[in-house]
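In case you want the letters, here they are:
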Amino acid sequence: MSDSVAGDRHGTGAEWPLPGAGDGTRAVRAGLPEPVKHEPTLPGPVFAAHFHLPGEPTGPYTYGRDENPTWTHLERAIGELEAPGQDDVETLVFASGMAAISSVLFSQLRAGDAVVLPGDGYQALPLARAQLEAYGIEVRTAPTGGDAQLDVLDGARLLWIETPSNPGLDVCDIQRLAEAAHARGTLVAVDNTLATPLGQRPLDLGADFSVASGTKQLTGHGDVLLGYVAGRDRELMAAVRRWRKIVGAIPGPMEAWLAHRSIATLQLRVDRQNATALKVAEALGARPEVTGLRYPGLPDDPSHKIASQQMRRYGCVVSFTLPTRARADRFLDALRLVEGATSFGGVRSTAERRGRWGGDAVPEGFIRLSVGAEDPEDLVADLLRALD
């Protein structure tokens, strides 16, 4: 850990991070600088396009597209959550989740390479596929469920895993896929957006990259666009850093500061939202008009067995299908506590009929519900009333 993060805390003589610290303790303290008398515990955002730089250009901060002290605190915070107590992990923040995804794909792949993508992943992946193919990169796809990507790994440069998948919530065995990929000389990236670092830690399961949209539950208030990439291999991460510099897909200091501030409540939000999501799924499962219900935390969910082996929390998203498009639209219009919006992971519950966008292989009545931090009894009552 960097000297600006580790060290004596408040005169207690205790070294941070504390061995075995819980998720809440880590979330509250992650990435904070060494305490200085009369200074804020979390420094405000640094707005700077350039820095004083007399003489040779040495030191951490030279130009605003390359580094910023506010990014540094946030990157350390995320790294402490993705890989607690592991000094060899580097984290880089980006302007959005797609900027982070693109940085891995386009920094690691070149013409003639092959990449394996999930066929049921985030709906922007087909856009990335078209660009990859335009650059002469072979793109293979397979579903997330059943570890189907194993069948198309041979000769691939990179395997991209999304688990749980968005929006279908299938889960694959990260460790099994990573071991098989590495045996073939294939790199592994895991989209950890839906799980968050408190739900699963891809790097500990063998992934080379853990990638996520911080727009979602990591920051959790629906007011920040952000992405990040975490990894251990210095050479691989240097290529990602170089891509960020070339493309300039950097977060603003205010967004980075808001994200770091929001992480302090991550464990509180995640635990509340996960517990409520399970209650919501159980309530929806008792309704005859609801089919295709998916939530990895349900004991009878097809993904539960694998999810329970690699996930510590199951996420805040529940998906299900109503009989028709019209029925789904009536249900959404009748909700009072659930906002009609895309994205997920916020403290206010949201839902949408996912088929309205196109690009997802889902029925017309398919609903993706993001469970917020409302009282579970109120939220369940609102959902059941809207179904009625």
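Here's what I pulled together on the structure shown here. (Residues numbered from 1 in each chain as written. Predicted model: local features only at pLDDT ≥ 70, side-chain atom pairs only at ≥ 80, totals over all residues. Heavy atoms only, no water.)

1. Quick look at the pairing of strand E5 (residues 138-142)
This is how it is decided: Two strands qualify as a pair provided DSSP detects at least 2 bridges between them. Think of it this way: any DSSP run of H or I at least four residues long counts as a helix, any run of E at least two long counts as a strand, and we number them from the N terminus.
Judged from the five bridges that link them, strand E4 (residues 114-118) and E5 form a sheet pairing that is parallel. Within E5, the residue paired with proline 118 across the bridge is alanine 142.

2. Examining the nonpolar core
Applicable threshold: Throughout this description, the term nonpolar core refers to a set of buried Ala, Val, Leu, Ile, Met, Phe, Trp, Tyr and Cys residues connected via side-chain atoms within 4.5 Å. Think of it in three bands: with a 1.4 Å probe and only protein chains considered, a residue is buried below 20% of the maximum accessible area for its type, exposed above 50%, and partly exposed in between.
Counting 30 residues, the largest nonpolar core has Val280, Val318, Phe320, Phe331, Leu369 and Leu383 as its most contacted members. Counting only elements with at least two residues in this core, the list comes to helix H8 (266-285), strand E11 (317-321), helix H10 (325-334), strand E14 (366-370) and helix H11 (376-387).

3. Overview of helix H7 (residues 253-263)
Counted only if it meets this: Only heavy atoms matter for contacts: two residues are in contact if any of them lie within 4.5 Å across the pair.
Here H7 has its buried residues at Pro253, Ala256, Leu258, Ala259, His260, Ser262 and Ile263. The secondary structure elements touched by the buried residues of H7 are helix H1 (23-29), helix H2 (69-82) and H8.

4. Topic: the packing of H10 against H11
Heads up, the rule is: Lines are fitted to the C-alpha atoms to define the axes, a helix being fitted only along its stretch in contact, and any angle between axes, read from their N-to-C directions, falls within 0 to 180 degrees. By definition in this entry, angles of less than 35 degrees are roughly parallel, angles greater than 145 are roughly antiparallel, angles of 65 to 115 are roughly perpendicular, and the rest are oblique. Left-handed is the label given to a crossing in which the near helix is rotated counterclockwise from the far helix by less than a right angle, and right-handed is the label when the rotation is clockwise. The nonpolar class holds Ala, Val, Leu, Ile, Met, Phe, Trp, Tyr, Cys and Pro. Asp, Glu, Lys and Arg form the charged class, and all remaining residues, Gly among them, are polar.
At a minimum axis separation of 8 Å, H10 and H11 run at an interaxial angle of 135°. As judged from the angle between their axes, H10 and H11 are oblique. Viewed along their axes, H10 and H11 form a crossing whose handedness is right-handed. In this structure, H10 contributes Arg327, Phe331 and Ala334 to the contact, and H11 contributes Leu383, Arg385, Ala386 and Leu387. Of the residues belonging to the contact of H10 with H11, the class tally is five nonpolar, no polar and two charged.

5. A closer look at the side chain of glutamate 352
Note the threshold: Any pair of nitrogen or oxygen atoms within 3.5 Å is treated as a polar contact; in protein, a donor-acceptor pairing is required on top of that, and neighbouring residues in sequence qualify only through side-chain atoms on both sides.
Within the fold, glutamate 352 resides in strand E13 (residues 350-353). Since its relative accessible area comes to 1%, glutamate 352 is described here as buried. Looking at glutamate 352, its side chain comes within polar contact range of the side chain of arginine 356, at 2.9 Å. Among residues more than four places away in sequence, those in contact with glutamate 352 are Leu332, Ala341, Thr342, Ser343, Trp357, Phe366, Ile367 and Arg368.

6. Digging into the state of the cysteines
In protein structure, a disulfide is the covalent linkage between the sulfur atoms of two cysteines. Just so we agree on the cut-off: Two cysteine sulfurs form what is called a disulfide whenever their separation falls within 2.5 Å.
A full pass over the atoms with the stated rule returns zero disulfides. Cysteine cysteine 172 shares no disulfide, and the gap to the nearest cysteine sulfur, in cysteine 316, comes to 19 Å. In this structure cysteine 316 comes out as buried when scored by relative accessible area, which is 1%.

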